[in-house]
Every structure is written in structure tokens, then in C-alpha cells.
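What follows is each chain in one-letter form.
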Amino acid sequence: MDPEVSILLDCAQWRGLLEDQVQVELSDRFNRQTDPLLEQHIGEVWTQRLTKEPWLFNGAKFRLHSFRLASPERLHCDGSDGHLCEQRRDGAAEGDHVDINGGCLVQLGLTCYKDYLGTNWSCKVAELRRRGQKEFGDSLALLAQPLGVGAVLCTCDGQVVFIRRSQKVAEAGGLLDIPGGHPEPKAVCERQGEAGEHISMAVMQQRPDAVVSELFSSVCAEIRDEVNVPLSCLGAPVLMGIALNHTSAGRPSAEFYISCSLSSDEVRKLYWEGGAEANESTDDPLCNFLLHSPLWSEMCPSAKGAILLYQTVKPERKQNHREEK
């Protein structure tokens, strides 16, 4: 196993999960723990980073706290309720039982990019993990843990799309990556009528389905903006699982499989025409991969995690079954 990445959750028993099989629970209880000294440290780290990289900007993100899985044996094709059978997350409570209408319940708090740089990327991250375990029984309690999203985008001629990250991005500059980013709390609040920069947990708690929608739609939006592939050419996202990036203290990313009706040559052509976030990558998109080839060493951890999940989950079978119905 590559030390840069590990799998927190795989949905292989379902061959991946569709949007209607995922629920979210939002609460301030799922935010990171903190104290004045930590906040001071976060502020200092942010100021230093802005001095070196003035193009950085802060923004609210969803924080992954934990997840709960329904038993595949209790799930039915008509969508009837399943029951909690497993929970895999450091520091999460054991023995709690909740009904899950689908495959997975994801428990989310709020964090931000500034807090991420000041905790997960801090030079004090090992100390923060020790404190979290000692004070809260959770080594991740003091870390931001923003939930990212990534897509294994498969073309109609059986290729997987990779892009090379720009040297100007904050992480993994110059490495091969899959299209991805973050689901945005701001987008959820705006759709619920909240104006400006205000992020309301209360508003999102009233519409958890809107948060699930943002989780699934945001990965498609990233493909559109980074690779310039129209949304109309994309299949329904299939959640393969959650991978952890250990170069940033175990930052989680929800990894999806998405089919594309375009060929690899058509994708290349659209990419060179440029999308809204074309500046985040450079060079011709690669449309193949081999896990044991030299390309593996050129991949950033998020891409490695997605490919490991793709091999384990085999989500194209679920996509094909869905299309046959």
C-alpha cells in the first residue's frame, strides 16, 4: 500500500452508491475542537501563506466527522430502510444505532480553508493529533478535515482522464491528478435564499438533501470547469468511497466514478479550448493509467486514492446496470 494514501470507506458491496443512497447529518457537534492558542497559531500560518501566495482565498468547507453504513443485506432495490451495521472513523462513538434510508449516512460539520492550512498542514500537526487523542479521544478532533471530491472520469472509449496540476496551486503542484475540488456550503445556502458570504448551519440542516445534491453535483461542476466537458455529456456520479491523503494528515476526499459520452480525443479537444478553471492544470490531459507504471509516482495522493477505489469497487458495473433499466 502506498504510504501517501489509504481507504477510509469503500462501497464495493454496493458497487458504489448513487445520490439517493446517501444521506447527510449536519451539526455544530461535528465541527473541530479548538482553543485560543490554536486559533492564534492558525492566524499566524494563514498570514505567512498569504505573504508567499497572495492569490489564496479563504472559504467555508464541509468537515467530515464520521459516516455510518447500512447493511447491504438489508437494502432493497425499492429503496426501503436499512439499518446501521458498521461505522469506521477514529474517535466516533460506538454503539449508536440510526436508521439509514440508503447505503450511507455522512456526518458533517463546517470548517474553512484557513483552518485547513493551520491544522492539517501545520508543522504542529503531530502535536495536534496527540492532543486530540488525549483530550477528546479522537486524534482528528483539532484538525479541519475538509471533505474534498474527485472523479474517475471514464471516456466512451474506455480511458480515464488525468490532468497535470499547475505549479501555482497550493498543493501537489506539477503532479498528475483527477478532476476534483470541494462541495461548497456557500452554494447550498445561496440555493436556499441566503445572500452574500453568510453560511448558515441552520439553513442547511433544514435541507440535508440539498447538501447531498451539492456533494454529487460539485464533482460534475469540477469536471466542467477543469476539463471543459459539458454536464450533458456526464453520467450520474457513483460514490466509490472515501480516501485519505496522508501528506496532509489524512484529509478526506469522496471519490466518484463518472462515465462520459465523449471519446478521449474529444475530451482533449475540449480541454484545450479551456474551461473556467483551466489555469489550475497544464499540458495535455492523459487518458490512461497503469498502477505499476512510472505514472503512479507522478500522481498526487487524491488521484492514487481514487484509482485504488476504482479497482476495488468496479463501479462501471453499477452504471451499466442502471442504464439497462
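The structure displayed is predicted, hence computed values, not measured ones.

1. Focus on the overall build of the chain
Along the backbone of the chain there are 10 helices and 13 strands. Counting over 325 residues, the chain shows a buried share of 54%. The long-range fraction of contacts in the chain, counting pairs at least 24 apart against all pairs at least 6 apart in sequence, stands at 74%. Surface exposure of the chain reaches about 14,900 Å², of which carbon and sulfur atoms provide 49%.

2. With respect to the side chain of Ser122
Inspection of the secondary structure assignment puts Ser122 in the loop between helix H2 (113-119) and helix H3 (125-136). On the basis of relative accessible area, Ser122 is assigned to the buried category, the value being 6%. Here His41 takes part through its side chain, which lies 2.6 Å from a polar atom of the side chain of Ser122. The contact partners of Ser122, leaving out residues within four places of it in the chain, are His41 and Leu117.

3. Remarks on the confidence of the model for the chain
Reading fine detail from the predicted coordinates is not recommended where pLDDT is low. For the chain, the mean per-residue pLDDT works out to 85, and 78% of the residues sit at or above 70. Across residues 74-97, confidence stays below pLDDT 50; counting only partners more than four residues off in sequence or on other chains, it has 52 contacts.

4. Quick word on the pattern of salt bridges
Per the counting criterion, the structure on display carries 15 salt bridges. When the shortest N-O distance is used, the salt bridge between Lys61 and Glu184 registers 3.0 Å. Here Lys61 is found in strand S3 (residues 60-70), whereas its partner Glu184 is found in the loop between strand S10 (180-181) and helix H4 (185-191), with 123 residues between them in sequence. The salt bridge partner of Arg164 is Glu298, with a shortest N-O separation of 2.8 Å. Of this pair, Arg164 sits in strand S8 (residues 162-165) while Glu298 sits in helix H8 (residues 295-298), placing them 134 residues apart in sequence.

5. Some remarks on H3
The end-to-end C-alpha separation of H3 is 16 Å, in line with the 16 Å expected for 12 residues at 1.5 Å each. Close packing links the buried residues of H3 with helix H1 (36-52) and H2. Remark: Gly137 follows H3 within two positions and exhibits a positive phi of approximately 70°.

Here is what the cut-offs are and how they apply
- Residues numbered from 1 in each chain as written.
- Predicted model: local features only at pLDDT ≥ 70, side-chain atom pairs only at ≥ 80, totals over all residues.
- Heavy atoms only, no water.
- Helix = DSSP H or I, 4+ residues; strand = E, 2+ residues; numbered from the N terminus.
- Buried < 20%, exposed > 50% of the residue type's maximum accessible area, 1.4 Å probe, protein only.
- Contact = heavy atoms within 4.5 Å.
- Areas by Shrake-Rupley, 256 points an atom, 1.4 Å probe, with all protein chains shown as cover.
- Polar contact = N/O pair within 3.5 Å; in protein donor to acceptor, adjacent residues only side chain to side chain.
- pLDDT = per-residue confidence, 0-100.
- Salt bridge = Lys/Arg side-chain N within 4 Å of Asp/Glu carboxyl O.
- Expected span 1.5 Å × (residues − 1).

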